[in-house]
Every structure is written in structure tokens, then in C-alpha cells.
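Chain by chain, the residues:
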6 protein chains.
Amino acid sequence: MPTDFDTSLPSIRQVQNLIKNTTHVDLKLMTGDLLTGRIIWQDPNCVCILDEHSEQTTIWKHAIAYIKPKN
Amino acid sequence: MPTDFDTSLPSIRQVQNLIKNTTHVDLKLMTGDLLTGRIIWQDPNCVCILDEHSEQTTIWKHAIAYIKPKN
Amino acid sequence: MPTDFDTSLPSIRQVQNLIKNTTHVDLKLMTGDLLTGRIIWQDPNCVCILDEHSEQTTIWKHAIAYIKPKN
Amino acid sequence: MPTDFDTSLPSIRQVQNLIKNTTHVDLKLMTGDLLTGRIIWQDPNCVCILDEHSEQTTIWKHAIAYIKPKN
Amino acid sequence: MPTDFDTSLPSIRQVQNLIKNTTHVDLKLMTGDLLTGRIIWQDPNCVCILDEHSEQTTIWKHAIAYIKPKN
Amino acid sequence: MPTDFDTSLPSIRQVQNLIKNTTHVDLKLMTGDLLTGRIIWQDPNCVCILDEHSEQTTIWKHAIAYIKPKN
């Protein structure tokens, strides 16, 4: 495991919590796209989100600008 | 093999499954381009897609924003 | 810890000070977005900001262009 | 040699074949530019293309979105 | 220290000289922004500039396109 | 020295030749900017060009899309 996927890191644990709590998130990409859904898994390369149409999108971490949990 | 091409990772296995199942995918690039086709191979640097005109395009992974399987 | 998260580095210490002093910052992203708030944590991958609506946004460091403390 | 320039990788071998076969390619860059020509060499950092005016352009691999052989 | 922050490298030494000589610089970012000021410190991750309003901006090196000393 | 600055690599040697021969080049950046001049030094992080006004610009390699020698 590369050190940047150390599961004790706040950024990795936060995503794990978003998965566990099925929190809806806004995910802004480096392309400017804004994707919405809940994260269903992450690994060192990607996060996968499930949207309101039950469609999955696998997003490369290098393409993520930010993740914002929805209230 | 670099650890980020570990074939036990969900992101690597998902692409292997898309190849095996000849699933059609939308592939959004960091340039904003959207490519459509089925993935025919991946390696640590690239994925290669075959489009409806039987033309191949080799895409660098650093250029991928997301992959979305088509239903 | 990767060497670029060495807490003796000025860039890492500056963010630690911004957290400790609850300084408001402008955070310009590679997407052109400008986010405003105060940083509440950093790790080697991300910084998390809290905005005026008490909403958290987790920003990947690769997506940060600059941080400018507000006067 | 870094592992991502392992000449047994499909992506590296494909470019080697494009060079050997003097195949004309479209090369899309992260800037949105589309360059056309045939690849005359590659190394771990760059590929070099020769265009129809016999002019060479050395392209950094981090700037490549995709390579598409022309039919 | 990562090898790319080796202080014997011309690029690192040049920035050190710009700091020592309080040279005014134009700093073009990958976002297209142009920042102007003098560099007050660098580390492996960032450079910090001080502008004409005595405001500091900490810029991530991955976001820098070029630095041009002003005459 | 990182392996990607191995001076036996074609991409590194080509830039060394452009320096030695004081060849004028077009340098396209990831920002879309096109800079013109001759390269006066390179190191693992940057190339420095001298333009027609005898002004120097230090360009980060991650910001380079391509270099094209002028005929």
C-alpha cells in the first residue's frame, strides 16, 4: 500500500465514513464537472459513486478537485 | 509492477471485468472529451478502447476523469 | 510519511498555523474555483475547509493552485 | 528504467509498433490540441512526431490524452 | 529531501537568488492566473510570494507554469 | 538524479542539443500559452528560455506540452 492510502489518514477515513453512512456528496472534478451521489468504494486509484439513477461512475482520484458532503 | 496496478484493487479488477464482459463505457477525459466504446486492454499507463467504427484509441490513465459503464 | 509531508517544511507549518489561528483563507483551485473558509485539518492528500455556512469541503492538494490568508 | 517504461507493457509496445510501421496517428493533448504525424521515437518522458512538413515536435507524455492510429 | 529539491539544481538556486535579491517576478499559474510580487520562501511543495499590498500567497509548485523575473 | 533525467535519454539529449546549437523553439504550455526563444539551461524540474527581448522565463517541465524547434 502506498503511504497516501494509509487508512489512518483523515482523508482516507473521511471517505470510509461517507461510504459507511451512505452520505450523499457533491464531487467536483478537475474538468469542472460536478457529480452527485454516494460513494460505494474507494481504493488508492479511484472512488466509485452511485447516482440517483442507480448508475455507477468510477472516478480517478487525480481528477477530483473536492468532495462536499450534502446536508 | 507498481502497487497502483495491483490486480486485487477494485479499480483494476473493475476495468478487467469491463474488458471480459465487453461492456460499453463512456470515458470522460480531463480535456472534457467524452469517448465511447469498449475497453480491450489496460496496463499501468493506458487503457485502449475500440469504438463503433472498429477504431482503437489508446488513452493515458492520467487523462481519465471517469469511466461510466453504459446500461 | 512521504517527505513532502515533513512537518518541519514551511508549507506544512504554514497550513498548521492557519488551522491553529482559525485564519480565513481564499483557496484557489486548478479548476478556477475560489473557495473561502478556514482550514480545519490537512493530511498528505487533502485539506478540509469549513465555510460560512458551517459546511465542510475536502480538497485534494493536487487541485490547489494557491492559498491566500485573508486580512 | 522506471517500471512504467517496461518495454513488455502493451502501451509501450504499441508505440514501438507505431514507430516501426510508420503509422500516421492523431495525438490529442491535454491542452485540447490535436497533432498529426508519425511517431519517430519515444522514451520514458516524451514521444517525438514528424508531421507532413517534415517538422519534429517533442511531446511530453504527461501532456498526452490519447493516441489514435489513422486508418 | 527529494532529489528534485536538491539545492545545487539551477531551478532551485535561481529561486533562492530571486528571494535573496528581492526580485519582482511574474508567476504564471496552470489556471491561467498571473501573480506578481517577490518570492519570500520556497520549499519542496510551494513558493510564497508577497505582493504590492504586502499580502502573502502560497502557491503549490504543481500549479506553476513559469516564473519570469521583471526587469 | 531521478531516472527520468538520465542524460542518455533522447528527450534529455535533444534539449541539450537545442541548448548547444542555440536553436529557436516554440514551447507550448499546458495553459495554452506559446513561448518562443532559445533554451539556455534545463534541470530535472525546469527549462529556462531566453526570448528576443533578452528576457528569461523559467518553465516547469510539468507545464510543458511540447517543444518544436523552429526551422
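I will try to describe carefully the structure that is included in this document. Just so you know, these numbers come straight off a predicted model, no measurement behind them.

Here we look at helix α1 (residues 10-20) of chain B
Residue and element names in this part refer to chain B.
Part 1: Looking at α1, one finds that the buried residues are S11, I12, Q14, V15, L18 and I19. Projection of α1 onto a plane perpendicular to its axis shows the buried side chains occupying an angular sector of 160°, all on one side.
Part 2: Once α1 finishes, T22 follows within two positions and takes phi at roughly 45°, a positive value.

Structural notes on the relation of the copies chain A and chain C
Part 1: Of the two same-sequence chains, chain A is brought onto chain C (RMSD 0.0 Å, axial shift 0.0 Å) by a rotation of 60°. The superposition of one copy onto the other is thereby described by a six-fold rotation axis.
Part 2: Of all interface residues in chain A, a mere 15% are interface residues in chain C too; the two copies therefore contact each other through different surfaces.

Regarding the pairing of strand β1 (residues 24-29) of chain B
Residues and elements named next belong to chain B.
Part 1: Most of β1 sits inside the fold, with five of its six residues counted as buried.
Part 2: Bridge analysis of β1 against strand β2 (residues 34-42) gives five bridges, and the strand direction is antiparallel. The residue bridging K28 from the neighbouring strand is L34, located in β2.
Part 3: Linkage of β1 to β2, two consecutive antiparallel strands, is achieved through a turn of four residues, within which G32 is found at a positive phi near 95°.
Part 4: When β1 meets strand β5 (residues 64-69), the two strands line up antiparallel, connected through five bridges. Counterpart to K28 in the pairing with β5 is Y66.

So, how was this worked out
- Residues numbered from 1 in each chain as written.
- Chains lettered and ligands numbered in written order.
- Predicted model: local features only at pLDDT ≥ 70, side-chain atom pairs only at ≥ 80, totals over all residues.
- Heavy atoms only, no water.
- Buried < 20%, exposed > 50% of the residue type's maximum accessible area, 1.4 Å probe, protein only.
- Helix = DSSP H or I, 4+ residues; strand = E, 2+ residues; numbered from the N terminus.
- Arc of directions from axis to C-beta.
- Least-squares fit on C-alpha atoms with pLDDT ≥ 70 in both.
- Contact = heavy atoms within 4.5 Å.
- Pairing = 2+ DSSP bridges.

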